[in-house]
Amino acid sequence: SKQLKGFQYSGELSNKEELIAAYLRSDVLVVPSHSEGMPNVILEAMASGLAIAATDVGAVTALVNGENGWIIPGTAPDDIHHVLRNIINCSKHEIAERKMNSVRKVSSQFTWEKIGTETLDFVTTICK
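Asks: Could you clarify how one ought to interpret a nonpolar patch on the surface in this entry?
Replies: A surface patch of nonpolar side chains, about 310 Å² in accessible area, is lined by Phe122, Val123 and Ile126. With respect to the element layout, Val123 can be found in helix H6 (residues 112-127). Here Val123 falls in the partly exposed class, since its relative accessible area comes to 41%.

Asks: Teacher, can you tell me more about the environment of Ser33 here?
Replies: As for its position among the elements, Ser33 is in the loop between strand S3 (28-31) and helix H2 (40-47). Overall, the relative accessible area of 14% leaves Ser33 in the buried class. Separated by 50 residues in sequence, Ser33 and Val83 have C-alpha atoms that sit 14 Å apart. If sequence neighbours within four positions are ignored, Ser33 has contacts with Thr55, Val57 and Thr75. A polar atom in the side chain of Ser33 sits 2.7 Å from the side chain of Glu36.

Rules used throughout
Residues numbered from 1 in each chain as written. Predicted model: local features only at pLDDT ≥ 70, side-chain atom pairs only at ≥ 80, totals over all residues. Heavy atoms only, no water. Patch = residues over 30% accessible without salt bridge, like charges linked within 9 Å, V, L, I, M, F, W, Y side chains within 5 Å. Areas by Shrake-Rupley, 256 points an atom, 1.4 Å probe, with all protein chains shown as cover. Salt bridge = Lys/Arg side-chain N within 4 Å of Asp/Glu carboxyl O. Helix = DSSP H or I, 4+ residues; strand = E, 2+ residues; numbered from the N terminus. Buried < 20%, exposed > 50% of the residue type's maximum accessible area, 1.4 Å probe, protein only. Contact = heavy atoms within 4.5 Å. Polar contact = N/O pair within 3.5 Å; in protein donor to acceptor, adjacent residues only side chain to side chain.

Shown next as structure tokens:
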């Protein structure tokens, strides 16, 4: 693993235990993707209590906002660097607040029960 100013790059994590261990030792998940749908890794990290920094692609903004993380406006290195610099300069209190907001958001909006109910309601409406 490579560590640089409070950030640690873990590389590809190939099994569940490695992923869980990474979530437990982290405060922020950084997802600088060029293309995504609605990334499970973001939902998992939110449920594990991490703040999120992610590029504005796919449905990322349905998951991440200024309350639980940071939106990286583009995929250029300068865009990513600017957001990482902001994260480094955040207080522990601000990071903790965003982490708590991640858990709140995922537990109120993205549980299987909530998604199942919304899907069933949608299908029922369309079929009428």
